[in-house]
Amino acid sequence: MEKIYVVYWSQTGNTQAMAEAIGKGIEAAGREAEVVDVSGASLAELKKAKAFALGCPAMGVEVLEESEMEPFVCDVEGFAAGKTIGLFGAYGWGDGQWMREWVERMNAAGASVLNGEGLMCQEMPDASGLAQCEEFGKQLAQV
Ligand SMILES: Cc1cc2nc3c(=O)[nH]c(=O)nc-3n(C[C@H](O)[C@H](O)[C@H](O)COP(=O)(O)O)c2cc1C
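The protein chain is annotated in an unreviewed UniProt entry as Flavodoxin from Kineothrix sedimenti. Quoted verbatim from the Function (unreviewed entry) field of UniProt, the annotation for the protein chain is "Low-potential electron donor to a number of redox enzymes." UniProt lists a comment for the protein chain under the heading Sequence similarities (unreviewed entry), and it reads "Belongs to the flavodoxin family."

(A) Representation of the side chain of Asn14 within the structure. Within the fold, Asn14 resides in helix 1 (residues 14-28). The contact partners of Asn14, leaving out residues within four places of it in the chain, are Ala90, Glu123, Met124 and Pro125.

(B) The site of the ligand, seen in detail. By nearness alone, 18 residues border the ligand, and Ser10, Gln11, Thr12, Ala58 and Glu123 come closest of all. In the environment of the ligand, an oxygen atom lies 2.8 Å from a nitrogen or oxygen atom belonging to the backbone of Asn14. One of the backbone N or O atoms of Gly92 is found 3.1 Å from a nitrogen atom in the ligand. Within the complex, 83% of the 640 Å² of free accessible area of the ligand lies under protein. At a threshold of 2 Å from the grid points, most atoms of the ligand map onto the largest pocket. Where the shell around the ligand is concerned, the elements lending two or more residues are helix 1 and strand 4 (84-91). Grouping the constituent residues of the shell around the ligand by class yields seven nonpolar, nine polar and two charged.

(C) Region of the structure containing the nonpolar core. Counting residues in each nonpolar core, the largest one holds 29 residues, and the members touching the most others are Leu54, Val76, Trp102 and Met106. Among the elements of the structure, strand 1 (4-8), strand 3 (51-55), helix 3 (69-77), strand 4 and helix 4 (97-108) are those that each provide at least two residues to this core. Top contributing element to this core by residue count: helix 4, with five residues. Sequence-distant contacts of Met106, that is, excluding residues within four places in its chain, are made with Val73, Val76, Glu77, Ala80, Ile85, Leu87, Ala111 and Val113.

(D) Spatial organisation of the pattern of salt bridges. Enumeration according to the criterion identifies six salt bridges in this entry. Residue Lys48 pairs with Glu45 through a salt bridge whose shortest N-O separation is 3.5 Å. With a gap of three residues between them, Lys48 and Glu45 both fall in helix 2 (residues 43-48), about one helical turn apart. With a relative accessible area of 59%, Lys48 lands in the exposed category. Classification of Glu45 as partly exposed rests on a relative accessible area of 28%. The partner of Glu70 in a salt bridge is Arg105, and the shortest N-O contact between them spans 2.9 Å. Taken together, the residues Glu70 in helix 3 and Arg105 in helix 4 connect sequence positions 35 residues apart. Owing to a relative accessible area of 22%, Glu70 belongs among the partly exposed residues under this scheme. Of the residues examined, Arg105 reaches a relative accessible area of 22% and is grouped as partly exposed.

(E) Molecular detail of the packing of aromatic side chains. Counting across every chain of the model gives two aromatic pairs. Between Phe88 and Phe136, the aromatic rings sit 6.4 Å apart at their centres with planes inclined by 70°, giving edge-to-face as the arrangement. Of the two residues, Phe88 sits in strand 4 while Phe136 sits in helix 5 (residues 127-141), which places them 48 residues apart along the sequence. The exposure classification of Phe88 matches that of Phe136, with both residues buried. With a centroid separation of 6.1 Å and an interplanar angle of 40°, the aromatic rings of Tyr91 and Trp98 are classed as tilted.

Conventions we followed
Residues numbered from 1 in each chain as written. Predicted model: local features only at pLDDT ≥ 70, side-chain atom pairs only at ≥ 80, totals over all residues. Heavy atoms only, no water. UniProt positions renumbered as here; feature names shortened; annotations may be inferred. Helix = DSSP H or I, 4+ residues; strand = E, 2+ residues; numbered from the N terminus. Contact = heavy atoms within 4.5 Å. Near = heavy atom within 4 Å. Polar contact = N/O pair within 3.5 Å; in protein donor to acceptor, adjacent residues only side chain to side chain. Areas by Shrake-Rupley, 256 points an atom, 1.4 Å probe, with all protein chains shown as cover. 1 Å grid on protein atoms, 1.4 Å probe; cavity = no way out; pocket = protein on both sides within 12 Å on 5 of 7 lines; lining within 4 Å. Sits in = over half its atoms within 2 Å of the grid points. Nonpolar A, V, L, I, M, F, W, Y, C, P; charged D, E, K, R; others polar. Core = buried A, V, L, I, M, F, W, Y, C linked by side-chain atoms within 4.5 Å. Buried < 20%, exposed > 50% of the residue type's maximum accessible area, 1.4 Å probe, protein only. Salt bridge = Lys/Arg side-chain N within 4 Å of Asp/Glu carboxyl O. Phe/Tyr/Trp six-rings, centres within 6.5 Å; stacked < 30°, edge-to-face > 60°.

This is how it looks when you write it as structure tokens:
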């Protein structure tokens, strides 16, 4: 069975902690997870996958990180149709606008967003946030 990729960008480690917990959930569900920083991620592998997860915190003013994640997501939009994509990320003081817009973008590209919404944690995920991430990984593993 194919690996499930969890591709993330993280500056201070919060979204990375979410990504690792999602990977743990995927493996707990019996699938192989590859948790990878966007700088080392392969678009070719994602193109072949039925389901994968993308993570990025709210940056700028309620946008994706602009130098690495935004161009990567633009590329993913080109082949997202028909795929199930789990979106996740940490935020600070906002109300999740970056994530709502990200979900809309992926829907517009023809993807099915896991649960119909992104998974968000305010700053570093606590035990309950990590448990939600693991559950999210289990759901992704069942697609
Ligand atoms: C340059 C910069 C811009 C940010 N912009 C937002 C924002 O628009 N909305 C928000 O809720 N948090 C914002 N944050 C807070 C981060 O999203 C938050 O600290 C998050 O936990 C960082 O995740 P990371 O540890 O994965 O990098 C910003 C942080 C930085 C450094």
